[in-house]
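One-letter residues, chain by chain:
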Amino acid sequence: MASILPFNRKAGTVFDDRITEIMGEAFDSACKELHDSGQPSIVYEVIAKRIIDATGTGERDPLRLRNVGLAALGRQGDGKQAG
């Protein structure tokens with residue numbers, strides 16, 4: 001499973017450990033939703049960027065963050081709680 005940390009560093013954003021954990025949970029859940037089917041790295045980058053951007057505007061719910069990431073690909077989550 002990919003980690004959101006490299007994308008967070010690339011974006012130059014800094015969040016505390018708790019928020020980074022929430023973002024990571026949302027990112028992992030979004031990747032799992034894709035069934036980790038060998039997506040090109042740009043797919044993961046787009047998901048991560050959307051999650052990071054939404055977190056930067058104050059969103060903290062892992063399920064909504066996951067859905068923001070998946071929406072970038074025209075996908076919806078399964079509606080289940082992230083994690």
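Here's what I pulled together on the structure shown here. Just so we're clear, the structure is a prediction, and the values are computed from it rather than from any experiment.

### Focus on the packing of helix α3 (residues 41–56) against helix α4 (residues 62–71)
For the pair α3 and α4, interaxial distance at closest approach is 8 Å and the crossing angle is 135 degrees. Our classification of the angle between α3 and α4 gives oblique. The way α3 lies across α4 gives a crossing that is right-handed. Contacts between α3 and α4 involve Ile 47, Arg 50, Ile 51, Ala 54 and Thr 55 from the first element and Leu 65, Val 68 and Gly 69 from the second. Partitioned by chemical class, the residues of the contact of α3 with α4 number five nonpolar, two polar and one charged.

### Some remarks on the packing of aromatic side chains
Going through the model one piece at a time under the given rule, you end up with one aromatic pair. The interplanar angle of 55 degrees and the centroid separation of 5.7 Å between the aromatic rings of Phe 7 and Phe 27 together place this pair among those described as tilted. In this pair, Phe 7 sits in helix α1 (residues 5–11) while Phe 27 sits in helix α2 (residues 17–33), placing the two residues 20 residues apart along the sequence. The burial state of Phe 7 is the same as that of Phe 27; both residues are buried.

Cut-offs and rules
Residues numbered from 1 in each chain as written. Predicted model: local features only at pLDDT ≥ 70, side-chain atom pairs only at ≥ 80, totals over all residues. Heavy atoms only, no water. Axes fitted to C-alpha atoms, helices over the stretch in contact; angles between N-to-C directions. Helix = DSSP H or I, 4+ residues; strand = E, 2+ residues; numbered from the N terminus. Parallel < 35°, antiparallel > 145°, perpendicular 65-115°, else oblique. Left-handed = near helix turned anticlockwise from the far one by under 90°. Contact = heavy atoms within 4.5 Å. Nonpolar A, V, L, I, M, F, W, Y, C, P; charged D, E, K, R; others polar. Phe/Tyr/Trp six-rings, centres within 6.5 Å; stacked < 30°, edge-to-face > 60°. Buried < 20%, exposed > 50% of the residue type's maximum accessible area, 1.4 Å probe, protein only.

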